[in-house]
Amino acid sequence: MLVFALSRIPGMLPQNFSAAYALAFCAGVFFRGRMAWWFPLTILLVTDIGLNLYYWLCLGYHVWDLPVLKYQLLNYVAYAAIIWLGRRFKPQSSFLALLGGGI
């Protein structure tokens, strides 16, 4: 989770690349119970707040405007759907099954 959080630092990964959806899917597959929901969503929320602060304070973007926040809310709906999908798989599933689910 720490490596994922660090990977969200601007410039760490290629532009328009994020491991967030992979994190959500794998959390659904490999974490049990409520942890599959709260742990990845909390990490995503904390890193999103940090990114928003960076873009707001350092670059002057208007990240706290309602349209941007609505867009981010839709991302969290997508993250929740991906976690739900991951919960349909077992950690013992074949690599191909997990790859297909991830795609």
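Below is a summary of the structure that appears in this document. (Residues numbered from 1 in each chain as written. Predicted model: local features only at pLDDT ≥ 70, side-chain atom pairs only at ≥ 80, totals over all residues. Heavy atoms only, no water.)

Structural notes on the packing of aromatic side chains
Next, step 1: Counted according to the given criterion, the structure contains eight aromatic pairs.
Next, step 2: Judged by centre distance (5.4 Å) and plane angle (50°), the rings of Y21 and Y79 are tilted. Note that Y21 is positioned in helix α2 (residues 20-30) and Y79 in helix α4 (residues 66-87), a separation of 58 residues in sequence.
Next, step 3: With relative accessibility at 40%, the residue Y21 sits in the partly exposed group.
Next, step 4: Y79 gets classed as buried once you look at its relative accessible area, which sits at 4%. (Phe/Tyr/Trp six-rings, centres within 6.5 Å; stacked < 30°, edge-to-face > 60°. Helix = DSSP H or I, 4+ residues; strand = E, 2+ residues; numbered from the N terminus. Buried < 20%, exposed > 50% of the residue type's maximum accessible area, 1.4 Å probe, protein only.)

Looking at the packing of helix α3 (residues 35-57) against α4
Next, step 1: Where α3 contacts α4, the two axes come as close as 11 Å, and the packing angle between them is 155°. On the basis of the axis angle, α3 is roughly antiparallel to α4. As α3 packs across α4, the resulting crossing turns out to be right-handed. Here A36, W37, P40, L41, L44, L45, D48 and N52 of α3 come into contact with α4, specifically with Q72, Y76, Y79, A80, I83, W84 and R87. (Axes fitted to C-alpha atoms, helices over the stretch in contact; angles between N-to-C directions. Parallel < 35°, antiparallel > 145°, perpendicular 65-115°, else oblique. Left-handed = near helix turned anticlockwise from the far one by under 90°. Contact = heavy atoms within 4.5 Å.)

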